[in-house]
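# A look at the structure
Each chain, written out:
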Amino acid sequence: MKNTALYIFFLFFSLVAQAQEEFSVYFDSNKYELKKKENERLQNFINTNKEVKIVAINGYTDEDGTTAFNDTLAQKRVDFIYGIINGKLKIRDDFKTRSFGERHRQSKIKSENRKVTIYFLLAKDLPRENEILGIKEEPVVKKQREMPKYPQKMTLQNPNGTTSELVFDVAFMEKLTVAKPGEKIKLENLNFQLNTFAITNDSRPKMYELLEVMKRNPQMKIQIQGHICCMQNDKQDLSTKRAKAIARFLEMNGIDKDRVTYKGFGVTEPLFAIPEKSEEERAANRRVEIEIIEN
């Protein structure tokens, strides 16, 4: 009868063969369980190769018997060996089954055809696993995040029962949304009462713009950074208190505190040398910036 070979494998044989390392055990005629000596060889292989990774297990038969019988016998031999190895050595997850039938080249020594061959990678070769097996990794295509639909305005209920309409700078919100980690963005039109960390009423739109961005981008983490102007040092730590006031506003409105940190820089990072030469320079130094930590 024609020879039959049944394979459990991950790749085509030509690719698997590139793994270079292999180990075979042999069976008696028409048997799928190992005799004692071969079983001991297999156990020794397992015990001395704990760090290898199995990439294929191929089963073969000799030419005796019908094609159907040999197909079944080869499969039983593979299943038997797999059952012994599974859980003891690392094995690739993407096993497949394929029959090569007559394509198995027979040895002139019959007993050499009744075997299962294990193909494996040594620990030193595992970092090059896909290269050795000829697997080309598909490039990861990062799905572009859709820009949230930000409102143009919102209405706030005031403590005295009246309402206020806040008009939003949507361009700023979109810029903040797509900012990369490490990028810093100044919060324009954000003001504090003189020498305090109390935020002025005209700054409320900017506060709520920042809140809306944080709500609609739950992956975003930021650091709020405060800077002051006009003096040689920040004795009152006003820059930290102002940054903290914004962080507390976000937390009080539902933003997880793990997503927001704050830091005061005083006058250590001025945009213009102190003392400033004009109100424009003082206004530039007196600022709050958002640094993107994760996005």
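Since the structure is predicted, the reported quantities are computational estimates derived from the model, not experimental observations.

### Describing the state of the cysteines
Each disulfide consists of one covalent bond between the sulfur atoms belonging to two cysteines. Throughout the structure, instances matching the rule amount to one disulfide. A sulfur-sulfur distance of 2.4 Å marks the disulfide that ties C229 to C230. Residues C229 and C230 are joined through a disulfide that is left-handed, its torsion about the S-S bond being -65 degrees. Residue C229 is classed as buried on the basis of its relative accessible area, which comes to 5%.

### Some words on the confidence of the model for the protein
Predicted confidence across the protein gives a mean pLDDT of 86, with 89% of residues reaching 70 or more. Strand β10 (residues 221-227) holds the highest mean pLDDT among the elements of the protein, 97, whereas helix α1 (residues 13-16) holds the lowest, 45. Note that pLDDT drops below 50 for residues 7-17; the model gives that stretch 46 contacts with residues more than four away or on any other chain. Here residues 97-103 is modelled with pLDDT under 50, and outside its nearest four sequence neighbours on either side it reaches 20 contacts, counting other chains as well.

### Focus: the environment of K53
Along the chain, K53 falls in strand β3 (residues 53-60). K53 sits 36 residues away from L89 along the chain, and the two C-alpha atoms are 6.6 Å apart. With near-sequence residues (within four places) excluded, K53 lies in contact with K90, I91, R92, Y119, F120, L121, L126 and E129. A polar contact of 3.2 Å, which involves the side chain of K53, links it to the side chain of E129.

### Some thoughts on the pattern of salt bridges
Applying the stated criterion to the full structure yields 17 salt bridges. We note a salt bridge from R216 to E212, for which the minimum N-O separation is 3.0 Å. Here R216 and its partner E212 are both found in helix α6 (residues 204-216), four residues apart, which amounts to about one turn of the helix. A residue is classified by how much of its surface remains accessible, and E212, at 11% relative accessible area, is buried.

### Points about the nonpolar core
Residues L210, I222, I224, I246 and L250 are the most contacted members of the largest nonpolar core, which totals 32 residues. Elements with a contribution of two residues or more to this core: α5 (170-177), α6, β10, α7 (238-252) and β12 (287-294). Top contributing element to this core by residue count: α6, with six residues. Judged by nonpolar contacts, the second largest core, of 19 residues, contains F27, I46, V78 and V116.

### With respect to the packing of aromatic side chains
Counting across every chain of the model gives three aromatic pairs. Relative to F45, the ring of F23 lies with its centre 4.5 Å away and its plane at 5 degrees, an arrangement referred to as stacked. Here F23 is found in strand β2 (residues 21-26), whereas its partner F45 is found in helix α2 (residues 36-47), with 22 residues between them in sequence. A residue is classified by how much of its surface remains accessible, and F45, at 5% relative accessible area, is buried.

### Brief notes about the side chain of E38
As for its position among the elements, E38 is in helix α2. Within the structure, E38 has its side chain in polar contact with the side chain of R41 (distance 2.7 Å). Non-local contacts of E38, meaning those with residues more than four positions away in its chain, are made with V25 and Y26.

Criteria and thresholds
- Residues numbered from 1 in each chain as written.
- Predicted model: local features only at pLDDT ≥ 70, side-chain atom pairs only at ≥ 80, totals over all residues.
- Heavy atoms only, no water.
- Disulfide = S-S within 2.5 Å.
- Buried < 20%, exposed > 50% of the residue type's maximum accessible area, 1.4 Å probe, protein only.
- pLDDT = per-residue confidence, 0-100.
- Helix = DSSP H or I, 4+ residues; strand = E, 2+ residues; numbered from the N terminus.
- Contact = heavy atoms within 4.5 Å.
- Polar contact = N/O pair within 3.5 Å; in protein donor to acceptor, adjacent residues only side chain to side chain.
- Salt bridge = Lys/Arg side-chain N within 4 Å of Asp/Glu carboxyl O.
- Core = buried A, V, L, I, M, F, W, Y, C linked by side-chain atoms within 4.5 Å.
- Phe/Tyr/Trp six-rings, centres within 6.5 Å; stacked < 30°, edge-to-face > 60°.

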